[in-house]
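Okay, here's what each chain looks like letter by letter:
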Amino acid sequence: MITVLLCAFSFVCATVLHIFACRYSPDKNLKSKLFLQISAAFLFVFIVVSLHFTMPLMWACIIIYILLVPAYLVVYVTTELVSPSKRILMSVANPQGVTYAEIIEYLEKENLITSRLDELVISGCLTRAGDWYILTSSGRSLAAFLDIFGKLLGRGVGG
Amino acid sequence: MTLNTDALIVLTGTLSFIIFLLLHFIAFRSLKAEHLFKGIILTFLAALGLELFISIYFLKMTGFLSLFLSVTIYALMAFFYILCIFGPYETSIRMRLIREISKDPQGKTFAEIVKLYNERVILNNRLQRLLGSGDVRLENGRYFLGKNNNAFFILDSLAGYLHAFIHKT
């Protein structure tokens with residue numbers, strides 16, 4: 001039980017430190033990398049303490065700790081995003097209802113395609129040459145993964 | 001507790017996740033987009049039930065802590081898979097754009113991309129899911145909010161509180 005409590009305490013400390021850094025940092029950008037560094041430091045401390053005192057259930061706790069990191073990051077990043085489905089729900093929240101054309105008009109104002117293409121260029125998955133968008137090597141790897149996953153899943157292209 | 005218990009917890013948690021993936025890959029081949037959410041919940045619960053059955057009846061893992069840790073490992077693996085792999089594959093605009101562009105080795109122009117994938121396709125895909133889940137209803141050619149307390153708005157309120165807490169806004 002003590003190992004589980006120590007693991008939980010280490011993760012809570014990493015989270016609190018990260019939230020503290022976000023709250024008091026002058027820039028309000030996402031700080032996902034910072035959380036990875038903080039959580040890695042606390043994981044290291046947890047492993048050292050667990051090994052030193054030969055604590056039981058160490059591996060189970062290490063795996064839970066590692067899995068909690070992306071879980072927290074997903075929740076953290078989600079606080080910054082507005083999904084297209086939520087935009088659609090916001091547009092139909094009108095008590096008189098909305099037509100298909102009105103939702104399309106609303107979505108077109110959001111520039112869903114161009115903003116995503118720009119983000120893919122910034123993240124290094126795409127390069128832009130004039131009006132052309134070309135996959136980079138990391139973009140091609142991602143496309144290959146999506147292709148294999150799609151075949152395994154046997155579903156349509158999604159999106 | 002011995003090292004064996006530790007290994008057993010990790011193994012049962014991982015095994016449950018593998019069972020979840022197998023069920024998911026089998027069941028989702030023919031599942032319609034409007035039933036995705038229910039499908040995920042049912043597959044998750046089915047694998048969870050199997051895990052508890054195997055752990056208690058075959059592996060004699062009766063300690064609450066062992067079961068709790070094993071279920072936690074499984075739940076976190078499933079959470080990671082659903083939100084970081086399956087979710088983006090099924091709903092992400094970026095992932096769809098990558099797949100569309102990858103069909104041509106020399107790339108695609110903006111006009112070619114929007115001819116294949118545009119706001120209409122995005123809206124049709126989402127309306128299919130939202131109408132199926134009852135979050136949106138269609139009456140006389142107009143779309144209305146199906147439920148006031150749908151998952152999106154609940155999660156959005158939570159995200160809003162979290163955002164305010166994290167960013168001190």
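Nothing here was measured: the structure is a model prediction, and the numbers come from that model.

## Structural notes on the sheet that holds strand β1 (residues 126-129) of chain A
Point 1. An order of β1(A)-β2(A)-β1(B) is seen for the 3 strands of this open sheet, with the pairing classed as antiparallel. Strand pairing shows two members of the sheet lacking a second neighbour, β1 of chain A together with β1 (108-109) of chain B, which therefore form its edges.
Point 2. Of the strand pairs in this sheet, β1 of chain A and strand β2 (residues 132-135) of chain A are connected by 4 bridges, and their pairing is antiparallel. Bridge assignment links leucine 126 of chain A to a residue of β2 of chain A, and that residue is leucine 135 of chain A.
Point 3. Against the sheet, helix α6 (residues 112-122) of chain A makes contact with β1 and β2 of chain A, and its axis sits at roughly 110° relative to β1 of chain A, the strand it touches most.

## Concerning the confidence of the model for chain A
Point 1. Taken residue by residue, chain A gives an average pLDDT of 89. The fraction at 70 or more is 100%.
Point 2. Of all secondary-structure elements in chain A, the lowest mean pLDDT belongs to helix α4 (residues 84-92) of chain A, at 85, while β2 of chain A reaches the highest, 94.

## Some points on the environment of alanine 75 of chain B
Point 1. Among the structural elements, alanine 75 of chain B can be located in helix α3 (residues 64-91).
Point 2. Sequence separation of alanine 75 of chain B and phenylalanine 17 of chain B is 58 residues, and the distance between their C-alpha atoms is 8.0 Å.

## Digging into the environment of glycine 158 of chain A
Point 1. Mapping glycine 158 of chain A onto the fold places it in the segment after α7 (137-153).
Point 2. With 20 C-beta atoms counted inside 10 Å, the residue glycine 158 of chain A sits in the buried group.
Point 3. Sequence-wise, glycine 158 of chain A and leucine 51 of chain A are 107 residues apart; in three dimensions their C-alpha atoms are separated by 46 Å.
Point 4. Excluding residues within four positions of it along the chain, glycine 158 of chain A makes contact with Tyr89, Glu90, Thr91, Met95 and Arg96 of chain B.

## Overview of the nonpolar core
Point 1. With 29 residues, the main nonpolar core has Leu126 of chain A together with Leu97, Ile98 and Ile101 of chain B as its most contacted residues.
Point 2. Counting residues per element, this core draws most heavily on helix α4 (residues 93-102) of chain B, which supplies 5 residues.
Point 3. Not counting the four nearest positions on each side in its chain, isoleucine 98 of chain B is found in contact with Leu120, Cys125, Gly139, Leu142, Ala143 and Leu146 of chain A.
Point 4. Formed by 25 residues, the second largest nonpolar core is a distinct cluster that contains Phe35, Cys61 and Ile64 of chain A together with Ile9 of chain B.

## Quick look at the interface of chain B and chain A
Point 1. Taken together, the contact between chain B and chain A spans 62 residues of the former and 62 residues of the latter.
Point 2. In terms of residue class, the side of chain B that touches chain A is built from 35 nonpolar, 12 polar and 15 charged.
Point 3. Where β2 of chain A and β1 of chain B come together, 2 bridges link them in antiparallel fashion. From the neighbouring strand, tyrosine 133 of chain A faces β1 of chain B, where its bridge partner is lysine 108 of chain B.

Procedures and definitions
Residues numbered from 1 in each chain as written. Chains lettered and ligands numbered in written order. Predicted model: local features only at pLDDT ≥ 70, side-chain atom pairs only at ≥ 80, totals over all residues. Pairing = 2+ DSSP bridges. Helix = DSSP H or I, 4+ residues; strand = E, 2+ residues; numbered from the N terminus. Contact = placed C-beta atoms within 7 Å. Axes fitted to C-alpha atoms, helices over the stretch in contact; angles between N-to-C directions. pLDDT = per-residue confidence, 0-100. Buried ≥ 20, exposed ≤ 12 C-beta atoms within 10 Å, placed from the backbone. Core = buried A, V, L, I, M, F, W, Y, C linked by C-beta atoms within 7 Å. Nonpolar A, V, L, I, M, F, W, Y, C, P; charged D, E, K, R; others polar.

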